[in-house]
Amino acid sequence: MTLKRYLRDLFLNGKKHFQRNNLESLLWMINLIPNIAEITKETAAFWALHFVLLLYIYGLGCLVYQVKFANGPGDFIKSYVNVSIFTLTATSGGWFLMKWPFCKNVLKNVIKNDELARQSEFLKKRHSNLLSVIKKMLLVFYISNMMNVFLIYLPNRADLQNDNYSMTQCVGLEPLSTSPNREVCQMIILTLELSLVTIVLNYQALLLLLIAHTTAMYQLMADEMTALNEYDNENVKEKLPIMILRHSITMRTVDDLKLLYSVPIGIHFGSNAVCICLFFYLPLQDWITFIPVLMYCFLVYFLYCFLCQRLINASEEFERAVYCCGWEKFDLNEMKLTYMMLMQAQKPIELLAAGIVPVNIYTFATSMQAMFKFVTVVKF
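Within any chain, residue numbers begin from 1 and follow the written order of that chain's sequence. In view of the model being predicted, local features appear only for residues whose pLDDT reaches at least 70, and side-chain atom pairs are presented and counted only at 80 or more, with totals across whole chains, interfaces and linings using the full set of residues. Where side-chain values are given, they derive from all heavy atoms of the structure, hydrogens and water being excluded.

Going by an unreviewed UniProt entry, the protein carries the name Odorant receptor and comes from Papilio xuthus. According to UniProt, the comment filed for the protein under the heading Subcellular location (unreviewed entry) is "Cell membrane". UniProt positions are given in the numbering used here, feature names are shortened, and annotations may be inferred rather than shown by experiment. If you open the UniProt record of the protein and go to Sequence similarities (unreviewed entry), you find "Belongs to the insect chemoreceptor superfamily. Heteromeric odorant receptor channel (TC 1.A.69) family."

Here's what the structure looks like:
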C-alpha cells in the first residue's frame, strides 16, 4: 500500500504541474539533476560513478580504438562524435558541480521577478500564456530527444556486435560475445548512457528555460510600461518604482546568464558545428545510427540562437515601450526615473559564446551557410 500510495501521489503531483502554467511547474520539470547537483554524502557516489564510467567508456574506449583499430577518415569522424559526446557530458556535469551554488542565487532572483510580474492583475493571463509557450517548448525538446534516445540511440549502443560508433566497448572485458561479459558490459553502457542523457538534457533545458523566462519578463514589462499611458499620476508613482525594480532584476539576470553560460555555450557551439560538418562525410547508411546525435546538435544550436534572438527583440521592445509610456505627462520626479530607466534599457542585451561570438539568429544563419559552403567545396 505504501508503494501504491507513493506512485499515486507522484502521478497526481506530476499531473498538477503539467496542468499549471507557472514558474514552479517549469522548474519541477527540469529539477531531477539540480536536486543532486551539489556533492554531498548522498550524491557523491552518483557523480563519482558517472565520471568514472564516462572516462572508462568514452575516454579509454576512444583512445584504444584510435591506437589499435582506426582505419580511414570514416572511423575518425565516427570517433570524433564520441569525443564530442564526452566533451558535452563532461562540460554539463562539471557545470552542475561548479556553477550550481551561483545558479541557485540566480534562480532566487528569477523567482522574485516572476512573483513581481504576477502582482499586476491585467498581466496574469499574458503571463500564463507566455509560460505555457515555454512549457510546450520544453516538452517538445524533451520528447523529441527522448524518442531519439530510446528508439535509435540506446538500442544501437547496447548492441555490442556492431561497430557503428567506432570505439572499443568495455576495455578489459573481452570477449564480449560470451556471458557474463556481454551482460556486464551492456549494464555498464546503459547505466552511463542514462545518466549522460539525464544530465545533458537537464542542463540544456535549464538554460533554455532561463533565457525564455527572461524574454517573457521583458515582454511583460513592455506591456506594463505601455499601460502607464492610461494611468493617472498617483498610479504612476505607485507602479514606476516596481517597474524599476523588475527591470533591475531582469538586467542582473542577463548579466548572471553571461557569467554562467558564456564558456559552456562556446564549447558546445564549436563542438556542435564540427559535428554537423563531419556528418556530411559519412555514407547515408551510417546516418540512421547518428540521427539522434545530429538532431540534438542541430536542435540545440538552433534553440540557442533563436531564443537569444527573441531575448534581444524583447529587450528592444521594452526600450520602445519605455520611450512611449507617456513620460511627458508625468511629474518631474517620475520623468527623471523614466529617463534613467530608458538609459539602462538602451544598453545592448546579448549573450556571447566564449565571450566572443554573439548568440543570435544571424550567427545561426551565417554559420549554417559557412558549413554548407565548406562541405560543398571540400566534398564535391
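After that view, the rundown keeps rolling.
A. Here's a closer look at the packing of helix α3 (residues 44–68) against helix α6 (residues 181–227). Where helices are involved, their axes are fitted lines through C-alpha atoms of the stretch in contact, as for all axes, and angles between N-to-C directions lie from 0 to 180°. Numbering goes from the N terminus for both helices and strands, where a helix is a DSSP run of H or I of at least four residues and a strand is a run of E of at least two. Relative to each other, α3 and α6 sit at 115°, their axes nearing to 10 Å. Relative to α6, α3 is oriented roughly perpendicular. Pair α3 / α6 crosses with left-handed handedness. Of the residues in α6, those touching α3 at Phe46, Trp47, Leu49, His50, Leu53, Leu54, Ile57 and Tyr58 are Ile188, Ile189, Thr191, Leu192, Glu193, Ser195, Leu196 and Ile199. In this classification, the charged set is Asp, Glu, Lys and Arg, the nonpolar set is Ala, Val, Leu, Ile, Met, Phe, Trp, Tyr, Cys and Pro, and all remaining amino acids, among them Gly, are polar. The residue inventory of the contact of α3 with α6, partitioned by class, reads 12 nonpolar, 3 polar and 1 charged. An angle below 35 degrees is read as roughly parallel, one above 145 as roughly antiparallel, one from 65 to 115 as roughly perpendicular, and any other as oblique. Whether a crossing is left-handed or right-handed is set by the direction in which the near helix is turned from the far one by less than a right angle, anticlockwise for left-handed and clockwise for right-handed. Two residues form a contact once any of their heavy atoms are found within 4.5 Å.

B. Quick look at the state of the cysteines. Only a pair of cysteine sulfur atoms within 2.5 Å counts as a disulfide in this structure description. Enumeration according to the criterion identifies 1 disulfide in this entry. A sulfur-sulfur separation of 1.9 Å characterises the disulfide bridge that pairs Cys170 with Cys185. Residues Cys170 and Cys185 share a disulfide whose torsion about the S-S bond is about 90°; that sign makes it right-handed. Here Cys170 is found in the loop between α5 (124–158) and α6, whereas its partner Cys185 is found in helix α6, with 15 residues between them in sequence. Here Cys170 and Cys185 have matching classes, each one buried. Relative accessibility decides the category of a residue: with a 1.4 Å probe and only protein chains considered, values under 20% of the type maximum give buried, values over 50% give exposed, and everything between is partly exposed.

C. Seen up close, the side chain of Gln309. When you line up the elements, Gln309 lands in helix α8 (residues 284–323). Take Gln309: its relative accessible area is 19%, and that puts it in the buried class. N or O atoms closer than or at 3.5 Å make up a polar contact, with two conditions inside protein: a donor-capable atom paired with an acceptor-capable one, and, for residues adjacent in sequence, both atoms drawn from side chains. A distance of 3.3 Å separates a polar side-chain atom of Gln309 from the backbone nitrogen of Ile361. Leaving out residues up to four positions away in the same chain, Gln309 has contacts with Val359, Asn360, Ile361 and Tyr362.

D. Region of the structure containing the packing of aromatic side chains. Here a Phe, Tyr or Trp ring, Trp counted by its six-membered ring, pairs with any other such ring whose centre lies within 6.5 Å, and the pair is stacked when the planes are under 30 degrees apart, edge-to-face when over 60, and tilted otherwise. All chains considered together, the criterion is met by 17 aromatic pairs. Ring plane angle 65° and centroid distance 5.8 Å describe the contact between Phe298 and Phe364, whose orientation is recorded as edge-to-face. Here Phe298, found in helix α8, pairs with Phe364, found in helix α10 (residues 361–379); they are 66 residues apart in sequence, far enough to count as distant. Residue classification places Phe298 among the partly exposed residues on the basis of a relative accessible area of 40%. Three or more aromatic residues joined by ring pairs make a cluster, and in this case those are Phe269, Phe298, Tyr301, Phe302, Tyr304, Phe306 and Phe364.

E. Seen up close, unusual backbone geometry. Glu174 connects to Pro175 through a cis peptide bond whose omega is 0°. Mapped onto the elements, Pro175 comes out in the loop between α5 and α6. For the bond running from Ser179 to Pro180, omega is 0°, close enough to zero to count as cis. Looking at the element boundaries, Pro180 is found in the loop between α5 and α6. Positive phi, close to 50°, is recorded for Cys170, a residue that is not glycine.

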